[in-house]
Amino acid sequence: QQSDVVAQLDQAVDDFCALLSQHFLSPGSFKCLEYLIRKFKVNEHNIGSLMIAAMPYHATNEFVRLVQVLALDPKRGLWAWLHPA
């Protein structure tokens, strides 16, 4: 049963990130992201969704701020190349 709740939460975060992408640079979006990071640790569990939402803004300081809080694993994962050396 807990895995069902986790799957529903992951889907909700994925959907939210898709909606957030259009408003990524607004200050309100960072307040929402901060809440999700503190409450649900999306920076550890939903890295792909966050990166897909932020990738169109890769040249901005906001993108850099997001990457800095992500729990990137330097040894594996799609986004491992972003981990600082």
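Residues numbered from 1 in each chain as written. Predicted model: local features only at pLDDT ≥ 70, side-chain atom pairs only at ≥ 80, totals over all residues. Heavy atoms only, no water.

S.K.: Whenever I open this one, the packing of helix H1 (residues 2-20) against helix H2 (residues 27-40) confuses me. Can you help?
M.R.: A packed helix pair is summarised by two numbers, namely the angle formed by the two axes and the spacing between the axes. Interhelical geometry of H1 versus H2 gives an angle of 165° and a closest axis separation of 12 Å. The orientation of H1 relative to H2 falls into the category roughly antiparallel. Along this stretch, H1 crosses H2, giving a crossing that reads as left-handed. For the pair formed by H1 and H2, the contact residues are Leu9, Phe16 and Leu20 on the first element and Ser29, Cys32, Leu33, Leu36 and Phe40 on the second. Of the residues contributing to the contact of H1 with H2, the split by class is 7 nonpolar, 1 polar and no charged. (Axes fitted to C-alpha atoms, helices over the stretch in contact; angles between N-to-C directions. Helix = DSSP H or I, 4+ residues; strand = E, 2+ residues; numbered from the N terminus. Parallel < 35°, antiparallel > 145°, perpendicular 65-115°, else oblique. Left-handed = near helix turned anticlockwise from the far one by under 90°. Contact = heavy atoms within 4.5 Å. Nonpolar A, V, L, I, M, F, W, Y, C, P; charged D, E, K, R; others polar.)

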